[in-house]
Amino acid sequence: MLKALKGRFEQGFRTGKFPDAPPMLSDRFPGRPVLEAARCTGCGACMRTEVCPSGAVAGKDGRPEIDTGKCIFCGACAEICPEKAIGFSQEYRMAAMTRRALVVRPGEPYIPERPTNREFLRFCGRSLKIRQVSAGGCGACELDFNVLGTLAWDMGRFGIQIVASPRHADCILVTGPVSRNMLVALKKTYDAAPRPVWVIASGACAISGGLYAGSPECLGGVEEILKPDLYVPGCPPHPATLLEGMLRLMNRR
Amino acid sequence: MLPMKIGNGMAALWREVPVCEMAEFRAWLREISETERRRIAAFFAVPDDEQFRLVAVAEDAGGCGFALCSVRVCRVYPALSGEIAALQKFERLIAERDGLVPEGHPYLQPVRRLREDEDGRGFLAERGAAVHDVAVGPVHAGVIEPGHFRFECVGEKVHSLEIALGYQHRGIEAMLAGGPDEKTLHLMETADGSSSIAVATAYARLIEALSGIAVPAETVTLRAIALELERIANHVGDLGALAGDVAFLPTASFCGRIRGEYLNMTAELCGNRFGRNFILPGGTRFGLDAARAGKILDWLRRVKRDLDGALKLFFDSPTVLDRLENTGRVSRETALHLGAVGPAARASGVARDARCDFGWSEYAPYAACECVTEETGDVLARARVRLRELEFSHRFLDAALAEAVRRPIEAVRCDSGIFPAADSIAVSAVEGWRGEHIHVALTDSRGYFEVYRMVDPSLRNWEMLGMALRGEEISNFPICNKSFNLSYCGHDL
């Protein structure tokens, strides 16, 4: 017991300062893409099919838009651009409440969406119980969601908690493109949750199928069967992106 | 009959893979499966006119790497699994994927398809007054991937545990055929998201072998730095989770935080906490300059002190040791029989580690490779293997990063494009944190993948968990499961 107390003392207080201070990010962290309209010559190099592995770059007249709901943040489009018109910022606040807001368009200033769902705020504004279902997720989204429960992030501070049964859940957080083999289990989990119930799609796979869109063994993301209330881009989303998104959905920041 | 020899990360012409008689093939495989220093790495079917070729890739530790041999079979052939248990899952995969019928297979259940119905028909069933089934999953209570576990219990004891997976099947191997293309590397990285660096490295080595690309030694070291960071992060996470499962909360909370530090070090290296988009065929996306290497080195040393404290507390507690000792034992004989690999095999006294067995040159200048083994094969042994491997990984990183401070590593890329040789076969093995990842690719006449097989360590280890549970109480399942911490998606692909 004394050893445990000594260990506790030596480890110190380790919960990060987020959200009061911005999260510590590597200078190589690829956040929300930035399109510089002035530099783009419309050559269309970034939109060639062999560039983006998940088909996130598309647009008209050779001028791209980037769908962060598909993007895996590999940076291939930025590397191919001869004019350096595509970049990845340090902006980690990428979660959105509408699918449309995930698309980055040239020249549009970015302001994270504010919550509009009154019913959600009334039920879950101060307490959000989440049941997580991995439906073909590769493990990374799951691991970085789990991380929010550790003392480094301690999402329990905000009333966000992972629950072990859909019966206790306000919200289903889905990761993965929804593999066909998980379709029944996902539907059953959703049906087992008391109403009202909300849905979070976390990661490119869950939002759009990501890399796996088009595989005959998968659906193209959770949207094919359930309507998400929060979309969290990334492959996998950084814990700060996910936590910030949930807090914003709860109107806690 | 002489099997073809091929080194780790080397390519050869497909037509040079020998075809032998079934009796010889069978005897050869049996001999391999019974030898500790050798093992069956991959086993798959390739369509061949009206028939099929069954190709076996065996590893020969201390030898030259891999030995390849094949046999021609018709659609129906006598199963090999009856006498060579390590082949059972490979034969089931061949039956599922290629439609072959291994006649007399003792357990011909689907691997990545779901069983006919979910009411339990299709599972092993026992009869008797005290017998009952406990069905768990596919969705589990925590934040974890899906899989179905079916315990046949006699009274309080688990008599057998049947593991039915496939829920994570995304069809990766089918998507890889016709590659490499812009997706291939990223499919690799997400095949098992917790081993992105290991899998991407195995893929990169394979492509380099097929395309004849030579990578500088510094780049290879840089990849090993990333790989060891991945190993440490996951081992720390596993030890913390084990602490959580025996309700030893101090270490559980400390390790949860400390694991994140290693992930952040990986992000410092390449921007992503899982090392995504870092390893490229022909190089790495980023280099490692002196300032960055120094920053990571200081960080590593600081965190190591916290880690030592957290783990010492855990391994010094009699209540913890009592809970882990003699729980979930797998004998050395069973581990060998099943063809187990990685820390789980090493905990049962089977000395298999691709880092040592294939003489990885990248480790040699910094730390002598040691294959850490334990004898008891219980949960404690699996925890101790991780504990001791952490020491090696830190020693290596300390030396390799200190060298990078003196001599920065440049990013190297293959800009001229990648052109795999036609009609060739290549094999590569990388020791990830769960064990060795084996990749085998066969190219067509234009150099595209005709067959790409990834053998995740979990594919070879899941049966071990079933064996560990025999005779245990069901309440020991969480710590047994965590002591293996196998991948669902790596298995299901």
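Residue numbers here run from 1 along each chain, matching the order of that chain's written sequence. Chains and ligands are labelled by the order in which they are written, letters from A for the one and numbers from 1 for the other. Since the coordinates come from a predicted model, pLDDT governs what is reported: local features require at least 70, and pairs of side-chain atoms require 80 or more to be given and counted, while whole-chain, interface and lining totals use all residues. For side-chain calculations, the full set of non-hydrogen atoms in the structure is used, while hydrogens and water are omitted.

**A word on the overall build of chain B**
In this text, helices come from DSSP runs of H or I with a minimum length of four residues, and strands from runs of E with a minimum of two, each type numbered from the N-terminal end. Across its full length, chain B holds 16 helices and 16 strands. All radius of gyration figures rest on C-alpha atoms, and the globule criterion is 2.2 Å times the number of residues raised to 0.38. Since a compact globule built from 493 residues should have a radius of gyration of about 23 Å, the 22 Å found for chain B is in line with a globular shape. Over its C-alpha atoms, taken along the principal directions, chain B stretches across nearly 60 × 60 × 35 Å. We call a residue buried when its accessible area falls under 20% of the maximum for its residue type, exposed when it is over 50%, and partly exposed in between, using a 1.4 Å probe and counting protein chains only. Counting across all 493 residues of chain B, residues that qualify as buried make up 65%. Once local pairs closer than 6 in sequence are excluded, the contacts in chain B between residues at least 24 apart make up 69%. Accessibility throughout is a Shrake-Rupley quantity obtained with a 1.4 Å probe, and a residue counts as covered only by protein chains that appear here. A total accessible area of about 16,800 Å² is found for chain B, and carbon and sulfur atoms account for 51% of it. We treat Lys and Arg as the positive residues and Asp and Glu as the negative residues; His and chain ends play no part in the count. Lysine's charge is taken at NZ, arginine's at CZ, aspartate's at CG and glutamate's at CD. Of the charged side chains in chain B, 57 are positive and 70 negative, and the gap between their average positions amounts to 3 Å. Here, residues are in contact when the closest pair of their heavy atoms is within 4.5 Å.

**Quick look at the side chain of A:T241**
In this fold, A:T241 is placed in helix α7 (residues 239-249). Residue contacts for A:T241: discarding those within four places in its chain leaves A:Y92, A:M94, A:A95, A:V232 and A:P233.

**Quick look at the interface of chain B and chain A**
Across the contact, 59 residues belong to chain B and 60 residues belong to chain A. The term buried area refers to how much accessible surface (probe radius 1.4 Å) is lost by two components on association, counted for both of them together. Summing both sides of the interface, chain B and chain A together bury roughly 4,600 Å²; the carbon and sulfur share of this comes to 55%. Among the residues of chain B in contact with chain A, B:V143, B:R170 and B:R257 are the three that bury the most area, contributing 16% of the side total. Between Lys or Arg on one side and Asp or Glu on the other, a salt bridge is scored when a side-chain nitrogen of the former is within 4 Å of a carboxyl oxygen of the latter. Here B:R273 and A:D144 are joined by a salt bridge, their closest N and O atoms 2.8 Å apart.

**Side note on the domain arrangement of chain A**
Residues and elements named next belong to chain A. For the purposes of this description, domain bounds are those given by an automatic or database domain assignment. Under the domain assignment, chain A is made up of domain 1 (33-92 + 99-104) and domain 2 (118-249). Relative placement of domain 1 and domain 2: their C-alpha centres are 26 Å apart. Opposite the 11 residues of domain 1 that make contact, domain 2 presents 13 residues. When the area that domain 1 buries against domain 2 is broken down by residue, the three leading residues are I72, Y92 and R99, summing to 51%. Where domain 1 touches domain 2, the interface holds one salt bridge. Put simply, R99 and E223 hold a salt bridge, and the shortest N to O gap is 3.8 Å. For this analysis, a polar contact is any N or O atom pair within 3.5 Å, provided that within protein one partner can donate a hydrogen and the other can accept it, and provided that sequence-adjacent residues contribute only side-chain to side-chain pairs. Seen at the junction of domain 1 and domain 2, the total is two residue pairs in polar contact (both at pLDDT 80 or more).

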